[in-house]
Structures are given as C-alpha cells and as structure tokens.
Amino acid sequence: MRGECACGAVKVMINPKPDFIHDCNCSLCRKVGAAWGYFPSARVSAEGATHPYSRTDKGTPAVEVHSCPTCGSTTHFALTESFKADNPDADQMGVNMRLFEPEQLGGIEVRYPDGRAWSGEGAFVYRAPSLVIGESAPW
C-alpha cells in the first residue's frame, strides 16, 4: 500500500495492511492529527524529506514524529535512539493511516484508545467500541 502527504512530497509504503488502526485521543495524537498503524521497521518505507519532532513534555520521549516540511502532514513515527538504547529489542514504526485512500483501508479495525487517561503503563482502556472500515463505518 502506498500513501502520501497532502502535497505529495512524502510517500509512505507499507506491506501488508495493519491488523488495526489506533485513533488515539492523547495530546500528541490529537495535535498531530494521526491515526496509527503499527509495523516492524522492515515493513515501512518512506520517500522524501521529513521534519522530526519529539515531544518536550516527557523526560525521555519514546518516539520521533515525522511530518512533511512543505504541507505539514504527519507521516510516521520512529522510535528515538534513547528509547532503543533502553529497549534494544524494540522495533516499531507507526504510520499515519490517514495518508491512505479510504478504499485501501477496507476491512481494517479502528480502535479508540483513551490515551488521554492512560498513565503510560499497562494496557489501554478504550473510549469507544471498535469499528471496521467499510463494514460498520466509513473512514
């Protein structure tokens, strides 16, 4: 699957589709406008220059969020070097699934974690029931 930012300068390729998409309501996800699919880094390819951002409200941020420097679209996240140093087996990237056309996303479950209330430890609590794109909800 191939998605791109609003201006087309950054393209992200994934294979295969994610098992689910997280539409989180934490401050970071809300403010960058992302709905994340998660992948091992080998399953993600990004083309084009991006601008990285790591949140400043955390002592040691776990992710670096990338966006297009031209149009500002959030494209993906990668684990920070400091997080990987503390977690050497960690290998995850997040891709903003809003970059993809809705027709490409049919059949994927969308989950709604309550990241705003999450302490950062343990499992998410979900704020709404999940939906399946194309079956129970449009995207």
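What you see is a predicted model, and the numbers here were worked out from it, not measured in a lab.

**Student:** Would you mind showing me how to read the side chain of aspartate 23 here?
**Tutor:** Tracing the chain through its elements places aspartate 23 in the loop between strand 3 (20-22) and helix 1 (27-32). Within the local environment of aspartate 23, its side chain forms a polar contact with the side chain of arginine 98, the two groups lying 3.3 Å apart. Filtering out sequence-adjacent residues up to four positions away, aspartate 23 remains in contact with Ala35, Arg98, Val110, Arg111, Tyr112, Pro113 and Arg127.

**Student:** Please explain the packing of aromatic side chains as it appears in this structure.
**Tutor:** Think of a pair of aromatic rings as described by two things: how far the centres are apart, and how the planes are tilted against each other in angle. What the rule picks out here adds up to five aromatic pairs. Both rings, one in phenylalanine 20 and one in tyrosine 38, keep their centres 6.0 Å apart while their planes meet at 55°; by these two values the pair is tilted. In this pair, phenylalanine 20 is assigned in strand 3 and tyrosine 38 in strand 4 (residues 36-39), connecting sequence segments 18 residues apart. Tyrosine 38 sits in the partly exposed class, given a relative accessible area of 25%. Through a chain of ring-to-ring contacts, the aromatic side chains of Phe20, Trp36, Tyr38 and Phe77 assemble into a single cluster.

**Student:** Any chance you could explain the sheet that holds strand 5 (residues 44-47) here in plain terms?
**Tutor:** Where strands meet in a sheet, backbone hydrogen bonds hold them as pairs that are either parallel or antiparallel. Strand order in the open sheet made by the three strands is 1-2-5, with antiparallel pairing throughout. Every other strand in the sheet has two partners, leaving strand 1 (2-4) and strand 5 as the edge strands with one partner each. Neighbouring strand axes in the sheet, compared pairwise and without regard to direction, differ in orientation by 20° on average. Bridge count between strand 2 (residues 11-14) and strand 5: four bridges; the pairing is antiparallel. Bridging across to strand 5, methionine 13 finds its partner in serine 45.

**Student:** Whenever I open this one, the layout of surface pockets confuses me. Can you help?
**Tutor:** It is a probe the size of a water molecule, rolled over the atoms, that shows where empty space is left. Its boundaries defined by the atoms lining it, the largest pocket holds a volume of some 790 Å³. Considering the residues around the largest pocket, the lining is formed by 25 residues, among which Arg55, Ala62, Val63, Trp118 and Phe124 are closest to the centre. At the level of elements, helix 1, strand 4, strand 7 (63-67) and strand 8 (74-79) are the ones that each hand at least two residues to the lining of the largest pocket. Among the elements that take part in the lining of the largest pocket, helix 1 stands out by supplying three residues, more than any other.

**Student:** Is there a simple way to think about the environment of histidine 76 in this case?
**Tutor:** As for its position among the elements, histidine 76 is in strand 8. Once residues within four sequence positions are removed from consideration, histidine 76 is found in contact with Trp36, Ala46, Thr50, Glu64, Val65, His66, Met93, Gly94, Val95 and Asn96. At a separation of 2.9 Å, a polar atom in the side chain of histidine 76 contacts the side chain of threonine 75.

**Student:** Looking at this structure, how should I read the nonpolar core?
**Tutor:** Generally speaking, nonpolar side chains in soluble globular proteins are found buried as a group. Val12, Ile14, Ile21, Val44, Val95, Met97 and Phe100 are the most contacted members of the largest nonpolar core, which has 19 residues in total. Elements with a minimum of two residues in this core: strand 2, strand 9 (93-96) and strand 10 (109-113). Grouped together as the second largest cluster of nonpolar side chains are ten residues, Cys24, Cys26, Leu28 and Val65 included.

**Student:** It is not clear to me how the side chain of asparagine 25 should be interpreted in this structure. Could you clarify?
**Tutor:** Mapped onto the elements, asparagine 25 comes out in the loop between strand 3 and helix 1. Exposure remark for asparagine 25: the relative accessible area of 12% places this residue in the buried category. Polar contacts involving the side chain of asparagine 25 include one to the main-chain amide nitrogen of glycine 115, which spans 2.8 Å. From its side chain, asparagine 25 meets the backbone nitrogen of arginine 116 in a polar contact 3.0 Å long. Contacts of asparagine 25, omitting those with residues within four sequence positions, involve Arg30, Pro113, Asp114, Gly115, Arg116 and Arg127.

Quick notes on the rules
Residues numbered from 1 in each chain as written. Predicted model: local features only at pLDDT ≥ 70, side-chain atom pairs only at ≥ 80, totals over all residues. Heavy atoms only, no water. Helix = DSSP H or I, 4+ residues; strand = E, 2+ residues; numbered from the N terminus. Polar contact = N/O pair within 3.5 Å; in protein donor to acceptor, adjacent residues only side chain to side chain. Contact = heavy atoms within 4.5 Å. Phe/Tyr/Trp six-rings, centres within 6.5 Å; stacked < 30°, edge-to-face > 60°. Buried < 20%, exposed > 50% of the residue type's maximum accessible area, 1.4 Å probe, protein only. Pairing = 2+ DSSP bridges. Axes fitted to C-alpha atoms, helices over the stretch in contact; angles between N-to-C directions. 1 Å grid on protein atoms, 1.4 Å probe; cavity = no way out; pocket = protein on both sides within 12 Å on 5 of 7 lines; lining within 4 Å. Points joined across faces, edges and corners; volume = space filled by probe spheres on them. Core = buried A, V, L, I, M, F, W, Y, C linked by side-chain atoms within 4.5 Å.

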